[in-house]
Amino acid sequence: MAKQENQDEQGYKARAAALRLLARREHSRLELSLKLRQRRFDSGLIEEVLDEYEEQGWLDDHRFADVYARQRMDLGYGPLRILGELQQRGVHHTPECLDAMTDEDWCAVAIKLRERRFGLSDLDDDWDTKVRQARFLNRRGFSASQVERALEARELPEG
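Here the residue index of a chain counts from 1 through its sequence in written order. In view of the model being predicted, local features appear only for residues whose pLDDT reaches at least 70, and side-chain atom pairs are presented and counted only at 80 or more, with totals across whole chains, interfaces and linings using the full set of residues. To obtain the side-chain values, all non-hydrogen atoms of the structure were included, while hydrogens and water were left out.

**Some details on the pattern of salt bridges**
Okay, so step 1: Whenever a carboxyl oxygen of Asp or Glu lies within 4 Å of a side-chain nitrogen of Lys or Arg, that contact is scored as a salt bridge. Tallying each qualifying case throughout the model produces 14 salt bridges.
Okay, so step 2: When the shortest N-O distance is used, the salt bridge between E54 and R29 registers 2.9 Å. With E54 in helix α3 (residues 43–56) and R29 in helix α2 (residues 29–38), this residue pair connects regions lying 25 residues apart in the sequence.
Okay, so step 3: Between D122 and R154 there is a salt bridge, with the nearest N and O atoms lying 3.1 Å from each other. Separated by 32 residues along the polypeptide, D122 in the loop between α7 (103–118) and α8 (127–139) and R154 in the segment after α9 (144–152) bring together distant segments of the chain.
Okay, so step 4: Buried, partly exposed and exposed residues are distinguished by accessible area as a fraction of the type maximum, computed with a 1.4 Å probe on protein chains only: under 20%, between the cut-offs, and over 50%, respectively. With relative accessibility at 49%, the residue D122 sits in the partly exposed group.
Okay, so step 5: Accessibility expressed as a relative area gives 38% for R154, which makes it partly exposed.
Okay, so step 6: In the salt-bridge network here, residues are joined through shared partners; they are R29, E47, D51 and E54. Helix and strand labels come from DSSP, where a helix needs a run of H or I of at least four residues and a strand needs a run of E of at least two; each type is numbered from the N terminus.

Spelled out as structure tokens, the structure:
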């Protein structure tokens, strides 16, 4: 009898912990699973809670991916970095907001980021500065062609 009560109590604690985490921000299933494991809940119980929360719509990897990608886009990160970070969080699909962006859109984001951080000066004669800015944009997750276009830009794109 005591063992059943202990399991019920653990289930309650696992559900409460998961709900508290989801109340703060969206999580992917993998993130939530790892956080519950850190709290030393049983793997079977964790899977049961996560399945239940997915059925209820409280846990949704598609919603998480969309929210996460939009936040990272607003912070000036490129598509390669955002997709890589999503994969690290257990999301292996591309959110709609990233699919909607064209290469032109990403180039515009890279140009705006470069302008905000460094200005849009001519870099043809300053190899060191050009390399430094290229590295910065690469680390932010822009492709080589997007970085190249951003480094060639002399004015902000319209729109």
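**Brief notes about the nonpolar core**
Proteins that are soluble and globular tend to have nonpolar side chains buried together.
Okay, so step 1: In these notes, a set of buried Ala, Val, Leu, Ile, Met, Phe, Trp, Tyr and Cys residues joined through side-chain atoms within 4.5 Å is what counts as a nonpolar core. I82, L86, L137 and F142 are the most contacted members of the largest nonpolar core, which totals 25 residues.
Okay, so step 2: Looking at this core, the elements with two or more residues in it are α4 (61–74), α5 (79–88), α6 (96–99), α7, α8 and α9.
Okay, so step 3: Counting residues per element, this core draws most heavily on α4, which supplies five residues.
Okay, so step 4: Here a residue-residue contact requires only that any non-hydrogen atoms of the pair lie within 4.5 Å. Residues in contact with F142, not counting those within four places in the same chain, are G76, Y77, G78, P79, L80, W106, V109, A110, L113, L137 and V147.

**Remarks on α2**
Helical periodicity: at 3.6 residues per turn, an α-helix aligns residues three or four positions apart in one direction.
Okay, so step 1: All buried positions along α2 are accounted for by R29, E31, L32, S33 and L36.
Okay, so step 2: Following α2 by one or two positions, R40 has its phi on the positive side, about 65°.

**Overview of a positive patch on the surface**
Okay, so step 1: A contiguous patch of positive charge, built from R117, R132, R135 and R139, is present on the exposed surface.
Okay, so step 2: Looking at the positive patch element by element, the count peaks at three residues for α8.
Okay, so step 3: Using a relative accessible area of 49% as the deciding quantity, one classes R135 as partly exposed. Residues form patches when they are more than 30% accessible in relative terms and have no salt bridge. Like charges link within 9 Å. Nonpolar side chains (Val, Leu, Ile, Met, Phe, Trp, Tyr) link within 5 Å. Using the Shrake-Rupley algorithm and a 1.4 Å probe, accessible areas are obtained, with residue cover drawn only from the displayed protein chains. This count recognises Lys and Arg as positive and Asp and Glu as negative, with His and chain-terminal groups excluded. By convention, the charge on Lys lies at NZ, on Arg at CZ, on Asp at CG and on Glu at CD.

**Some remarks on unusual backbone geometry**
Okay, so step 1: Look at R40: it is not a glycine, yet its phi comes out positive at around 65°.
Okay, so step 2: One can find R40 in the loop between α2 and α3.

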